[in-house]
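# Coordinate analysis (summary)
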Amino acid sequence: MRIGIAKEVKPAEGRVALLPNHVKQISSKHEVIVESDAGLLSGATNQDYVAAGAKIVNTAESLFSGSELIVKVKEILPVEFDYLKSDHIIFTNLHSAADRPQLDVLLERGLTSIAAEEIHQYGSPNCPLAGEIGALEGLRLTLASHGGTGRHFFPHYGAPACAAIVIGLGGVGRGALRTLLSLGVQVMGFDNYDGALFRSKLDWPQDNFTTHQLNELAALLPQADMIVNCVLWDKTRDDHLITREMLKTLKPTAVIVDVSCDTAGTIETCKPTSWDDPIYKVDGIRHFCVDNIPGATPVTASQGYGNALLPYVNDIADFGVLEALKRNPWLAKGLTTFNGLLTLKEAAQVQQRKHTDLSEILNSCSG
Ligand SMILES: NC(=O)c1ccc[n+]([C@@H]2O[C@H](COP(=O)([O-])OP(=O)(O)OC[C@H]3O[C@@H](n4cnc5c(N)ncnc54)[C@H](O)[C@@H]3O)[C@@H](O)[C@H]2O)c1
């Protein structure tokens, strides 16, 4: 199979789907094609890829036209739409429920697309990074010099440490806890799953971490210097945990870091932003909602991402996509489109499209 490693086009996105050390682990019976400089910001030069056995092509157009399986990090952006063909297998973080134009194209071209964000049995390796870096960014934005509440992250001569609310204590939220608690921040953790609260408190038994039920959130918001949202929000919900009305109860210089960054999701006033223009204000409250936070540490992030994708890439290349989907239920969980059919239930529900059950596809096709 011809495997293409595309260069990301999203602003300030330096991650790459597979590094040279991953390419070396792909059987030499397959051809690996890399778009020129795709790995540069992740610390991998074209020469490194060539030494690993790959071939370099100069343009995105030649990468897409010469590849069957295309691996990427971020969603397919409109500038890439024209490159997509019916015989492509696209394997990347699609987040298609929130992206109707992209899903339109994937369905219309009849290609196979697999959402990388759905395939991780033990959580995406990039999620902890998003929480860790998002929390660090939140702390920077609590500095008075950056418009924040002016509280230091560590207690100082009787002045208390800055106070953070973290909502959603899964992979991302635990990353945020790691950064904040290691620095001495006073953290209030929230989750709708008691097990997440219990496990976090077991791991961080110290006094500067308290766990809370969601019905306490409104009362505690006024105490926060920063709020970090890490909830895996049910995209079919139309209510919010923090409404626009509730912003009035925050300290005027508090900052919201919405790592989940679902448009009008957990936080009514959230909309995704980019590293180029990361912050906007609603009713005076700063919102930081960058949707590719780990893109800030590409050298680190690409290693874990590639490790997670590689076994699936090898299976798709060695056995073909259908057999790989049959062998790997976690890969199958990510199947989004196939031959013009939509198999990702969440995207079908949110965009009110027809859903085809995965089993129909796997049972109807042989080989
Ligand atoms: N901005 C970025 O760069 C970036 C990077 C990685 C992940 N993310 C996003 O971060 C989010 C969290 O990802 P994760 O890997 O931590 O997910 P996860 O499933 O590991 O954790 C989510 C947590 O949210 C909790 N939760 C779900 N619904 C809730 C509700 N209504 N109220 C309170 N808690 C609730 C769950 O119990 C769970 O503990 C996802 O939306 C993901 O797409 C963003």
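Residues numbered from 1 in each chain as written. Predicted model: local features only at pLDDT ≥ 70, side-chain atom pairs only at ≥ 80, totals over all residues. Heavy atoms only, no water.

## Notes on the nonpolar core
Residues F91 and I114 are the most contacted members of the largest nonpolar core, which totals 40 residues. Residue contributions to this core peak at 7 residues, all from helix α9 (residues 298–319). What F91 contacts, discounting residues up to four positions off in sequence, is L69, I70, V71, K72, I114, A116, I119, L309, Y312, V313, I316 and L331. Counting 31 residues, the second largest nonpolar core, distinct from the first, contains A130, V166, L169 and L197. (Core = buried A, V, L, I, M, F, W, Y, C linked by side-chain atoms within 4.5 Å. Buried < 20%, exposed > 50% of the residue type's maximum accessible area, 1.4 Å probe, protein only. Helix = DSSP H or I, 4+ residues; strand = E, 2+ residues; numbered from the N terminus. Contact = heavy atoms within 4.5 Å.)

## So, the state of the cysteines
Under the criterion given, the structure shown has 0 disulfides. Of all cysteine sulfurs, the one in C289 lies closest to C270, which takes part in no disulfide; the gap is 3.7 Å. Overall, the relative accessible area of 3% leaves C270 in the buried class. What makes C289 buried here is its relative accessible area of 0%. (Disulfide = S-S within 2.5 Å.)

## Quick notes on the site of the ligand
Residues in close proximity to the ligand total 27 residues, the closest being G171, V172, D191, V259 and I293. Within the backbone of D291, one N or O atom sits 3.4 Å away from an oxygen atom of the ligand. In this structure, an oxygen atom belonging to the ligand sits 2.8 Å away from a main-chain N or O atom of I293. Burial of the ligand by the protein amounts to 81% of the accessible area it has alone, namely 860 Å². Partitioned by chemical class, the residues of the shell around the ligand number 17 nonpolar, 7 polar and 3 charged. (Near = heavy atom within 4 Å. Polar contact = N/O pair within 3.5 Å; in protein donor to acceptor, adjacent residues only side chain to side chain. Areas by Shrake-Rupley, 256 points an atom, 1.4 Å probe, with all protein chains shown as cover. Nonpolar A, V, L, I, M, F, W, Y, C, P; charged D, E, K, R; others polar.)

## Examining the domain arrangement of the protein chain
Looking at the assigned domains, one finds that the protein chain contains domain 1 (2–122 + 298–364) and domain 2 (127–288). The interface of domain 1 with domain 2 comprises 7 residues on the first partner and 5 residues on the second. Taken together, the two surfaces of domain 1 and domain 2 that pack against each other cover about 540 Å², and 75% of this comes from carbon and sulfur. Of all residues in domain 1, P11, A12 and E346 bury the most surface against domain 2, accounting for 52% of the area lost on that side. In this structure, the connection of domain 1 to domain 2 is made through 0 salt bridges. Our count for the contact surface shared by domain 1 and domain 2 stands at 0 residue pairs in polar contact (both at pLDDT 80 or more). The set of elements that each furnish at least two residues to the side of domain 1 that touches domain 2 consists of α9 and α12 (345–351). Residue contributions to the side of domain 1 that touches domain 2 peak at 3 residues, all from α12. Counted by class, the side of domain 1 that touches domain 2 contains 4 nonpolar, 2 polar and 1 charged residues. (Domains from an automatic or database assignment. Buried area = accessible area lost by both parts, 1.4 Å probe. Salt bridge = Lys/Arg side-chain N within 4 Å of Asp/Glu carboxyl O.)

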